[in-house]
Amino acid sequence: MKTVNFYSRPNCHLCEEGLLTLKLVQEDCTFELNIINIEENDALHEKYMLMIPVVTYEGQILQYGMLDYVTLFEALQP
């Protein structure tokens, strides 16, 4: 099964919206969702703090900032 990483932080309105979008995609594409709080890791915080939310799959950034269903669906469909 695919594993998709979702990088975010608490109290981030854009992250909350992005997670909802990603969960809608998950209803149509099968994948495991790994939610990562960037505030728990200094290196991830420095790397993604200006980009969150960030969605990655197989080490590649699929989308960041304003997430949209179509882009994520097309990247993750079988």
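Preceding this section is the structure that the text describes.
Residues numbered from 1 in each chain as written. Predicted model: local features only at pLDDT ≥ 70, side-chain atom pairs only at ≥ 80, totals over all residues. Heavy atoms only, no water.

Evaluation of the coordinates by the stated rule reveals one salt bridge. In this structure, Arg9 engages Glu39 in a salt bridge whose closest nitrogen and oxygen atoms are separated by 3.7 Å. Residue Arg9 is found in the loop between strand 1 (2–8) and helix 1 (13–28), and its partner Glu39 is found in the loop between strand 2 (31–37) and helix 2 (42–48); the two are separated by 30 residues along the sequence. Judged by its relative accessible area of 37%, Arg9 falls in the partly exposed class. With a relative accessible area of 41%, Glu39 lands in the partly exposed category. (Salt bridge = Lys/Arg side-chain N within 4 Å of Asp/Glu carboxyl O. Helix = DSSP H or I, 4+ residues; strand = E, 2+ residues; numbered from the N terminus. Buried < 20%, exposed > 50% of the residue type's maximum accessible area, 1.4 Å probe, protein only.)

If you walk through the whole model with that rule in mind, you get two aromatic pairs. Here the guanidinium or amino end of Lys2 rests over the ring plane of Tyr57, the centre of that ring lying 5.9 Å away. (Phe/Tyr/Trp six-rings, centres within 6.5 Å; stacked < 30°, edge-to-face > 60°. Lys NZ or Arg CZ within 6 Å of the ring centre and 35° of its normal.)

Right, let's get into unusual backbone geometry. Negative phi is the rule for most residues except glycine; trans is the rule for most peptide bonds. A cis amide bond links Ile52 with the next residue in sequence, Pro53, at an omega value of -5°. Mapped onto the elements, Pro53 comes out in the loop between helix 2 and strand 3 (54–57). Of note in this structure, Asn11 is not a glycine but carries a positive phi near 60°. With respect to the helices and strands, the residue Asn11 is situated in the loop between strand 1 and helix 1. Judged by relative accessible area, which is 76%, Asn11 ranks as exposed.

As a further point, take helix 1. Across its 16 residues, helix 1 extends 24 Å between first and last C-alpha, which sits within 8% of the 22 Å expected from 1.5 Å per residue. Among all positions of helix 1, only Cys15, Gly18, Leu19, Thr21, Leu22 and Val25 are buried. One face of helix 1 carries all of its buried residues, which in axial projection span an arc of 165°. For helix 1, the exposed residues lying more than 90 degrees away from the buried face are His13, Leu20 and Glu27. In this structure, the buried residues of helix 1 make contact with strand 1, strand 2, strand 3 and helix 3 (69–76). (Expected span 1.5 Å × (residues − 1). Arc of directions from axis to C-beta. Contact = heavy atoms within 4.5 Å.)

Shape is all these values report; function is a separate question.
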